[in-house]
Amino acid sequence: MLSQKRNLKVKSMGHMAIVFDDDYSVDKIFGEWLKDRRVRKGFSLEHSSFQSEISITRLRSLEGGVAEERITPEEVMALAKVYGLDPRAITKRAQTGEF
């Protein structure tokens, strides 16, 4: 039986690194980054939802990388304000997954 060689890549996220293969979704990488920002602030999902006026279900789907629609400009602005981030950084990460 032949084994398939996987092309693995590593993305650094501050205090942690993510190892993924070429099929790893940009949405998943973005979601993990977004959740990391929330956790670093010490915010619960509920708190972030209330402050940003984005539903818990929507935030959970964005953080999980399973949202049916990409993050909107309004959501970017709301989360930038709540997390103290540059909206351009959020947009770049959402589009490319790059840090």
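Quick caveat: nothing in here was measured; it's all calculated off a predicted structure. (Residues numbered from 1 in each chain as written. Predicted model: local features only at pLDDT ≥ 70, side-chain atom pairs only at ≥ 80, totals over all residues. Heavy atoms only, no water.)

A look at the side chain of Ser49
- Note that Ser49 resides in helix α2 (residues 45-52).
- On the basis of relative accessibility, which here comes to 11%, the residue Ser49 falls in the buried class.
- Within the structure, Ser49 has its side chain in polar contact with the backbone nitrogen of Ile56 (distance 3.3 Å).
- If we skip the residues at most four places from it in the chain, Ser49 touches Ile54, Ser55, Ile56 and Leu59. (Helix = DSSP H or I, 4+ residues; strand = E, 2+ residues; numbered from the N terminus. Buried < 20%, exposed > 50% of the residue type's maximum accessible area, 1.4 Å probe, protein only. Polar contact = N/O pair within 3.5 Å; in protein donor to acceptor, adjacent residues only side chain to side chain. Contact = heavy atoms within 4.5 Å.)

Topic: the packing of aromatic side chains
- The full count for this structure, using the stated rule, is two aromatic pairs.
- Ring centres of Phe43 and Tyr83 lie 6.2 Å apart, and the angle between their planes is 35°; on these two criteria the pair is classed as tilted. Placement of the pair is Phe43 in the loop between α1 (26-41) and α2 and Tyr83 in helix α4 (residues 73-83), with a sequence separation of 40 residues. (Phe/Tyr/Trp six-rings, centres within 6.5 Å; stacked < 30°, edge-to-face > 60°.)

Quick look at the confidence of the model for the chain
- For the chain, per-residue confidence averages 84 on the pLDDT scale, and residues scoring 70 or more make up 75% of the total.
- Ignoring residues within four places in sequence, the model shows residues 1-8, a span with pLDDT below 50, making seven contacts including any to other chains. (pLDDT = per-residue confidence, 0-100.)

Topic: α1
- Taking 1.5 Å of rise per residue, 16 residues should cover 22 Å, and α1 covers 23 Å from first to last C-alpha, within 8% of that figure.
- For α1, the complete set of buried residues consists of Ile29, Phe30, Gly31, Trp33, Leu34, Asp36, Arg37 and Arg38.
- Just beyond α1, the residue with positive phi is Gly42, at close to 80°. (Expected span 1.5 Å × (residues − 1).)

Examining the packing of α1 against helix α5 (residues 87-96)
- Where α1 contacts α5, the two axes come as close as 7 Å, and the packing angle between them is 145°. From α1, Val26, Phe30 and Trp33 reach across to α5, where they touch Ile90, Arg93, Ala94, Gln95 and Thr96.
- Looking at the contact of α1 with α5 residue by residue, the classes come out as five nonpolar, two polar and one charged. (Axes fitted to C-alpha atoms, helices over the stretch in contact; angles between N-to-C directions. Nonpolar A, V, L, I, M, F, W, Y, C, P; charged D, E, K, R; others polar.)

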